[in-house]
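# A look at the structure
Listed below, chain by chain, are the residues.
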Amino acid sequence: MEPQRDNNTVVSDMCNNHLPKADALLPPESGGNEGRSGRGKMLTTYSLWNLFRNCRRACALRYLQGLVPVEPDSNLSFGSLIHECLALWHGERNLEKVLEHINQAYPNAAQDEEQKKTWHLAIAMMTGYAARYPQEDFQIVALNKLFGGKIINPATGASSRSFVLAGKVNGIVQIGDEFFLLEHKTTSQLDVTEKLWADFQIILYAWYVREVLKIPIVGIIYDILVKAKLQQGKGETEAEFEARRAELLAKSKTGKTSAQRKLPESDEEFQERLRIKYGEPEMFFRQKFYIPESRYEVLKSELWELTQNFLIARRKGYFYQNTAFCFHFQTPCAYYPLCSADNAAAVIENNYRTVDPHEELKAAQDMDTEFLEKLRIYPEQFKKAA
Ligand code: SF4
């Protein structure tokens, strides 16, 4: 049956003209034509299904056409780096090694202002984190653990003939005889905990870890790291100082001022300010949740529904837009230039590059390839991603 479209969804023939039909969008290595060419099941991730739910067009552009903006998203890059640092830290608890990893990630921090800004933040965040948690009350069971599993129809118990799901969990930890997923989150907001209950991804992953890896996960420990908003002081130019001085003199009853030119803040001074900031309790905090069984049932049903809708969209070659999502994160969607352009080919050439479908699976340290092969996941997908 044709899926219901909600009021926020705009279907545009004009916009669909910008894209080739779905068959043409499918790279051979995506395994996306499974069922017709018999190349194996299509490997999917939470990110794919989440994007499909939010905007089908964005999902097709990212996962079928493999397009990403030429300029990487700096927030995503920072988050990935911190995740790597946290895996290093929890693996070896060697801060020196973690800081060296950050130095290597920003080789031009001395000359490049953008790199320097992020380098400062990453160094201060990880130094503060190590100081905040010198000991842990949990034991690490696995880090960056990759899993792959079938997608099950909850009504019949049959597995999908078209898709499998793979993902990577930040950590699996044990407290007493209970197992939890350890989920790191870097954020600029302090009020994230209210939104955590709706975290579709982590609950889905918890279910797969239980079913596939046979580790009886009972809940999640969210490990929140807040991004400090402090900026390194730039100091004043001679002209700025003179203007400020003149203003102070004009207001002064004695006709004098002791004002001095503000000099740029040194790296050491800025790191010290950041260190003090990261000593504040709200900059790192953890929240433990137990997952009620009922949440698993809802998520399994929703995932299945998404697969069925994806099959319909793929069969019709029609991934419609959801324009209500274009500015969802207060900034334009990565595909806004493409969706709003008349000449899609030129926009693609100038603004986008092509990548493997599931980059987030890169660097998984513990890949259970035997298991994945049993699932008939097209092996090149993982070779490319690893
Ligand atoms: S710009 Fe809007 S319609 Fe286009 S892909 Fe992004 S969210 Fe979807």
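Residues numbered from 1 in each chain as written. Predicted model: local features only at pLDDT ≥ 70, side-chain atom pairs only at ≥ 80, totals over all residues.

### A short note on the overall build of the protein chain
When helices and strands are tallied, the protein chain shows 15 helices and eight strands. Within the protein chain, buried positions represent 30% of all 386 residues. (Helix = DSSP H or I, 4+ residues; strand = E, 2+ residues; numbered from the N terminus. Buried ≥ 20, exposed ≤ 12 C-beta atoms within 10 Å, placed from the backbone.)

### A closer look at the site of the ligand
Near the ligand you find C55, R57, A58, Q321, N322, T323, F325, C326, C333, Y335, Y336 and C339, and these make up its full shell. For the shell around the ligand, the secondary-structure elements that each account for two or more residues are helix 4 (56-64) and helix 12 (336-339). Its residues assigned to classes, the shell around the ligand shows eight nonpolar, three polar and one charged. (Near = placed C-beta within 6 Å. Nonpolar A, V, L, I, M, F, W, Y, C, P; charged D, E, K, R; others polar.)

### With respect to unusual backbone geometry
Phi is positive for N144, close to 45 degrees, though the residue is something other than glycine. Looking at the element boundaries, N144 is found in strand 3 (residues 139-152). With a phi angle near 60 degrees, K214 is a residue other than glycine that sits in the positive phi range. Mapped onto the fold, K214 is located in the loop between helix 8 (200-212) and strand 6 (217-226). Judged by the 7 C-beta atoms lying within 10 Å of it, K214 falls in the exposed class.

### As for helix 9 (residues 238-251)
Across its 14 residues, helix 9 extends 20 Å between first and last C-alpha, which sits within 8% of the 20 Å expected from 1.5 Å per residue. Little of helix 9 sits out of view: just zero of its 14 residues are buried. (Expected span 1.5 Å × (residues − 1).)

### Digging into the confidence of the model for the protein chain
The predicted model of the protein chain averages 80 in pLDDT, with 78% of residues at 70 or higher. In this model residues 363-367 is a low-confidence stretch, pLDDT under 50, and it forms 14 contacts with partners more than four residues away in sequence or in other chains. Predicted confidence is poor over residues 377-386, with pLDDT under 50, and the contacts of this stretch with residues over four places away or in other chains come to 29 contacts. (pLDDT = per-residue confidence, 0-100. Contact = placed C-beta atoms within 7 Å.)

### Quick notes on the pairing of strand 3
Note: strand 3 against strand 4 (residues 159-175), eleven bridges, orientation antiparallel. Bridge assignment links K145 to a residue of strand 4, and that residue is V169. Hairpin connection between strand 3 and strand 4: a loop of six residues separates the two successive antiparallel strands, and G157 in this loop has a positive phi of roughly 80 degrees. (Pairing = 2+ DSSP bridges.)

### Quick notes on the nonpolar core
Grouped burial of nonpolar side chains is what soluble globular proteins tend to show. Counting 74 residues, the largest nonpolar core has C85, A122, M125, M126, L181, A206 and V209 as its most contacted members. When near neighbours in sequence (up to four residues on either side) are disregarded, C85 contacts V98, H101, I102 and M126. (Core = buried A, V, L, I, M, F, W, Y, C linked by C-beta atoms within 7 Å.)

### Here we look at the packing of helix 8 against helix 11 (residues 293-316)
Following both chains from N to C, one finds helix 8 and helix 11 inclined at 100 degrees, their axes separated by 10 Å at the closest point. Of the possible angle classes, the one that applies to helix 8 and helix 11 is roughly perpendicular. Taken together, the residues of helix 11 that come into contact with helix 8 (itself represented by F200, I203, L204 and W207) are R295, Y296, L299 and L303. Counted by class, the contact of helix 8 with helix 11 contains seven nonpolar, no polar and one charged residues. (Axes fitted to C-alpha atoms, helices over the stretch in contact; angles between N-to-C directions. Parallel < 35°, antiparallel > 145°, perpendicular 65-115°, else oblique.)

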